[in-house]
Amino acid sequence: MSDKRYSEMSTYEIQQEISVLNDKARKAEQLGMINEYAVLERKIVMAKSYLLDPSSYKPGEVYEIEGAPGQYFKIDYMNGVFAWGFRLGTSEKEEALPISMLKSDS
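Residues numbered from 1 in each chain as written. Predicted model: local features only at pLDDT ≥ 70, side-chain atom pairs only at ≥ 80, totals over all residues. Heavy atoms only, no water.

- Labelled according to an unreviewed UniProt entry, the chain appears under the name YfhH family protein, originating from Priestia flexa.

### A few points about the pairing of strand S1 (residues 62-65)
Looking along a regular strand, one sees the side chains alternate between the two faces of the sheet.
Link 1 in the chain: Pairing geometry for S1 and strand S2 (residues 72-79), over three bridges, is antiparallel. Counterpart to Tyr 63 in the pairing with S2 is Phe 73.
Link 2 in the chain: The turn linking S1 back onto S2 is made up of six residues, and Gly 67 within it adopts a positive phi angle of 80 degrees.
Link 3 in the chain: When S1 meets strand S5 (residues 102-103), the two strands line up antiparallel, connected through two bridges. Across the sheet, the residue bridging to Ile 65 is Leu 102, located in S5. (Pairing = 2+ DSSP bridges. Helix = DSSP H or I, 4+ residues; strand = E, 2+ residues; numbered from the N terminus.)

### Description of helix H1 (residues 11-30)
Link 1 in the chain: The end-to-end C-alpha separation of H1 is 29 Å, in line with the 28 Å expected for 20 residues at 1.5 Å each.
Link 2 in the chain: Within the sequence span of H1, burial applies to Ile 14, Glu 17, Ile 18, Leu 21, Ala 25 and Ala 28. Taken around the axis of H1, the buried residues stretch over an arc of 105 degrees, which confines them to a single face. In H1, the exposed positions that point more than 90 degrees away from the buried face belong to Tyr 12, Lys 27 and Gln 30.
Link 3 in the chain: Looking at the packing, one finds that the buried side of H1 touches helix H2 (34-49).
Link 4 in the chain: Note on H1: the residue one or two positions beyond its end, Gly 32, has a positive phi of about 75 degrees. (Expected span 1.5 Å × (residues − 1). Buried < 20%, exposed > 50% of the residue type's maximum accessible area, 1.4 Å probe, protein only. Arc of directions from axis to C-beta. Contact = heavy atoms within 4.5 Å.)

Okay, structure coming up:
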């Protein structure tokens with residue numbers, strides 16, 4: 001794994017990193033290393049966020065949350081590759097989600 005931040009990597013480097021992380025996650029899952037698998041899955045989500053264009057995500061818009069069918073997230077504001085806002089239908093506090101977790105209807 002690289003010591004570079006995702007923000008410093010090229011698209012190709014991020015894609016390579018995702019490939020390595022996917023392999024490690026698959027192995028962790030096969031070995032029953034649940035915590036390691038969860039950490040690697042989160043790293044993959046973060047890396048994928050850097051392959052997306054944050055300007056495509058607009059404050060005030062609502063997106064379905066990837067991996068959580070029926071749960072929606074309304075963006076209040078963007079900060080880098082994070083969308084800050086609230087899950088609809090909950091009394092939860094404001095939270096930040098990596099943009100790769102947000103699905104548009106298109």
